[in-house]
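This is what each chain is made of:
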Amino acid sequence: MTRYDDLDVNFVDAGHARLAYRHTGQGPDVVFVHGWPLDGRTWAPLVERLADDYTCHVFDLPGAGETEYDRPHDVKLRRHADALIAALDALQIQDYALVAHDSGAVVARMIAARRPEHVRAMVFGNTEIPGHVPWMLGVYFMLAHVPGGRSLMALCLKSKTFRRSVLGFGGCFTDPSYAEGPFFNRVVEPLADPQRSRGAFELIQHFDKDDLKNLRKLHRELKAPVRMVWGADDPWFPLAGARGMLDQFPEGSDLEVIEGGKLFVHEEHAATFARHTKAFLARHLGARAAA
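Counting restarts for each chain, with residues numbered from 1 along the sequence as it is written. A pLDDT threshold of at least 70 governs which residues receive local features in this predicted model, and a stricter bar of 80 or more applies before side-chain atom pairs are shown or counted, although totals over entire chains, interfaces and linings include all residues. Hydrogens and water molecules were not included; the side-chain quantities draw on all heavy atoms of the structure.

Scanning the protein chain from N- to C-terminus turns up 13 helices and nine strands. Based on C-alpha atoms, the radius of gyration is set beside the globule rule, defined as 2.2 Å times the residue count to the power 0.38. The C-alpha radius of gyration of the protein chain comes to 18 Å, within 12% of the 19 Å expected for a compact globule of 291 residues. In terms of its C-alpha atoms, the protein chain occupies a principal-axis envelope of roughly 55 × 40 × 35 Å. Looking at the protein chain as a whole, 57% of its 291 residues are labelled buried. Think of it this way: any DSSP run of H or I at least four residues long counts as a helix, any run of E at least two long counts as a strand, and we number them from the N terminus. The buried label goes to any residue with under 20% of its type's maximum accessible area, the exposed label to any with over 50%, and the partly exposed label to all in between, with areas taken from a 1.4 Å probe on protein chains only.

To continue, consider the packing of helix α2 (residues 77-90) against helix α3 (residues 102-114). Here, axes are lines fitted to C-alpha atoms. For helices the fit covers the stretch in contact, and angles between N-to-C directions go from 0 to 180 degrees. Relative orientation of the contacting elements α2 and α3 amounts to 60°, with a least axis distance of 9 Å. In terms of their interaxial angle, α2 and α3 are classed as oblique. Crossing hand, α2 versus α3: right-handed. Here Leu 77, Arg 78, His 80, Ala 81, Asp 82, Leu 84 and Ile 85 of α2 come into contact with α3, specifically with Ser 103, Val 106, Val 107, Met 110, Ile 111 and Arg 114. Across the contact of α2 with α3, the residue classes break down as eight nonpolar, two polar and three charged. Angles are sorted into four bins: roughly parallel if under 35 degrees, roughly antiparallel if over 145, roughly perpendicular if 65 to 115, and oblique for all others. In this scheme the handedness of a crossing depends on how the near helix is turned from the far one: anticlockwise by less than a right angle means left-handed, clockwise means right-handed. Any pair of residues with heavy atoms lying within 4.5 Å of one another is described as a contacting pair. Side-chain classes follow a simple rule in which Ala, Val, Leu, Ile, Met, Phe, Trp, Tyr, Cys and Pro form the nonpolar group, Asp, Glu, Lys and Arg form the charged group, and the remainder, Gly included, forms the polar group.

A word on the environment of Gly 25. As for its placement among the helices and strands, Gly 25 is situated in strand β2 (residues 17-25). Placed 117 residues apart in sequence, Gly 25 and Met 142 show a C-alpha to C-alpha distance of 42 Å. Once you skip the residues sitting within four places of it in the chain, Gly 25 turns out to touch Ala 51, Tyr 54 and Thr 55.

Two rings from Phe, Tyr or Trp (for Trp, the six-membered ring) form a pair when their centres sit within 6.5 Å of each other. Planes less than 30 degrees apart are called stacked, planes more than 60 degrees apart edge-to-face, and all others tilted. Going through the model one piece at a time under the given rule, you end up with 12 aromatic pairs. When the ring of Phe 141 is compared with that of Phe 207, the centres are 5.2 Å apart and the planes differ by 50°; the resulting orientation is tilted. A residue pair is termed long-range when its members are at least 10 positions apart, and Phe 141 in helix α4 (residues 135-144) and Phe 207 in the loop between α8 (194-205) and α9 (210-213) qualify at 66 residues. Phe 207 matches Phe 141 in its accessibility class, with the two residues each being buried. With centroids separated by 5.6 Å and ring planes inclined at 70°, the aromatic side chains of Phe 173 and Phe 264 adopt a geometry described as edge-to-face. With Phe 173 in the loop between α6 (160-163) and α7 (182-188) and Phe 264 in the loop between β9 (253-258) and α12 (265-268), this residue pair connects regions lying 91 residues apart in the sequence.

For the rest of this paragraph, the subject is the pairing of strand β4 (residues 55-59). Among the five residues that make up β4, five are buried, leaving the element largely enclosed by the rest of the structure. Of the two faces of β4, the one carrying Thr 55, His 57 and Phe 59 and the one carrying Cys 56 and Val 58 are both buried. Bridge count between β2 and β4: five bridges; the pairing is antiparallel. For His 23, the partnering residue across the bridge sits in β4 and is His 57. Strands are labelled as partners when DSSP assigns at least two bridges between them. In this sheet, β4 lies alongside strand β3 (residues 29-33) in parallel orientation, the contact comprising four bridges. Considered in β4, the bridge of Phe 32 is made with Val 58. Crossover handedness is defined here as right-handed if the route from the first strand over the helix to the second strand goes clockwise, with the strands pointing away from the viewer. The β-α-β motif built from β3, the intervening helix α1 (residues 44-50) and the parallel element β4 has right-handed crossover chirality.

To continue, consider the pairing of strand β6 (residues 96-100). A regular strand carries its side chains on alternate faces of the sheet. Counting buried residues along β6, five of its five residues qualify, which places the element largely inside the surrounding structure. Alternating residues of β6 divide into Tyr 96, Leu 98 and Ala 100 and Ala 97 and Val 99, and every residue in both groups is buried. Sheet topology note: the β3/β6 ladder contains five bridges and is parallel. Bridge pairing links Val 31 to Leu 98 in β6. In terms of strand pairing, β6 meets strand β7 (residues 119-124) through five bridges, oriented parallel. Residue pairing across strands places Val 99 opposite Val 123, the latter belonging to β7. Once the chain exits β6 it traverses α3 before rejoining the sheet at β7, and the crossover so formed is right-handed.

With that settled, consider the nonpolar core. Note on terminology: a nonpolar core comprises buried Ala, Val, Leu, Ile, Met, Phe, Trp, Tyr and Cys residues joined through side-chain atoms within 4.5 Å. In this structure, Leu 98 and Met 122 are the most contacted members of the largest nonpolar core, which totals 78 residues. In terms of residue count, the dominant contributor to this core is α3 (eight residues). For Leu 98, the residues in contact, after removing those within four places along its chain, are Val 31, Val 33, Ala 108, Ile 111, Ala 112, Val 119, Ala 121, Met 122 and Val 123. With 24 residues, the next largest nonpolar core counts Tyr 4, Val 30, Ala 97 and Phe 273 among its residues.

Now for the pattern of salt bridges. Pairs can form between side chains of opposite charge once their charged atoms are near each other. Salt bridge, as used here, is a side-chain nitrogen of Lys or Arg placed within 4 Å of a carboxyl oxygen of Asp or Glu. Under the criterion given, the structure shown has 20 salt bridges. Ionic pairing is found between Asp 95 and Arg 120, a salt bridge with its closest N-O pair at 2.8 Å. With Asp 95 in the loop between α2 and β6 and Arg 120 in strand β7, this pair connects stretches of sequence that are 25 residues apart. A salt bridge links Glu 180 to Arg 163; the shortest N-O distance between them is 2.7 Å. Taken together, the residues Glu 180 in the loop between α6 and α7 and Arg 163 in helix α6 connect sequence positions 17 residues apart. A relative accessible area of 22% places Glu 180 in the partly exposed class. For Arg 163, a relative accessible area of 7% gives the class buried.

It is worth stressing that arrangement in space is one thing and function is another; only the former is reported here.
Given below as C-alpha cells:
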C-alpha cells in the first residue's frame, strides 16, 4: 500500500498561488479536492486505497496546507476553482475524475461546469446542499468578521470540550475521540500557527454566499455522472438534502449511504468510502488493467 506521508511535495504555479501537490499511483487520473479547514492530507486513507488502480493527484488549496500564496482576497471558492484549473493545465492532466468533499465539492462542481470536456466522473462526500446553510457555518461567518475572532477560535480549539462539540469536530466524526489522534496533529494543532489560522479564516471572511445560492443552477451545467457517498448522521449536511439532489444532475447520479458516518465520512470510514468510490470509477473511468 502506498504511504501518503512518504510522497514528495512538489509545487505548481496556479497564477495567484503556488499549490503544494502530491501524486502517486498508476492508471486513469483522479483529482482530489479537500474542504475547509482541511488540506490534502485528509485524503491519505483514500489515496492509499486507490493508488494501485488510479493515478491520484492531491493539492493543498490556497490558504491550506503547504501551498504558498500572498493575496488573501483570492482565498474564496471560485478562485480555488481557478487555481486548480490552472494547475491541472500546467500539469497537462486533461482526462480525469474528481473526488471531493465539503466545500471542496463546491469547487469540484465549479471545475466540472467550466471544463466538461475533461471531467469524466465525480464522487462527492458530504457537501453543500442547495437552499441549506448550516447554522454552525453561520456562527463561523459571524466569528470571522468580529475583532479578535481568529484569536478566539484558536483559543477554543485548545479546549477538548469545544473540539468534541458540534461547533468543533463533534459533527464530523462518529467517534469524537477521532479528533484527538492523528487528526489533531495534522489539522487542529497546525491551526495554532498564525499563517495556517489566517488561511483558514480568510476563506470564511471572503466567502461569497452566492456560490451556495447558485448550486442548483450549477448542477444543471454538469456533464459528468455523480456518485454521492454520504454519512447518514451528518448534522452539517443532512442525508435528506443529499437525497433531494439526486434528480439535479443531467448525466445521472446515485447515493451510497454510510450508516453512522458524519461530515468527514471519507476519513473515519475510509475503507467503505473507498469501496464505493472504486466501484463508481471503474464504471465511468476504467481502471489500471483497462487503461
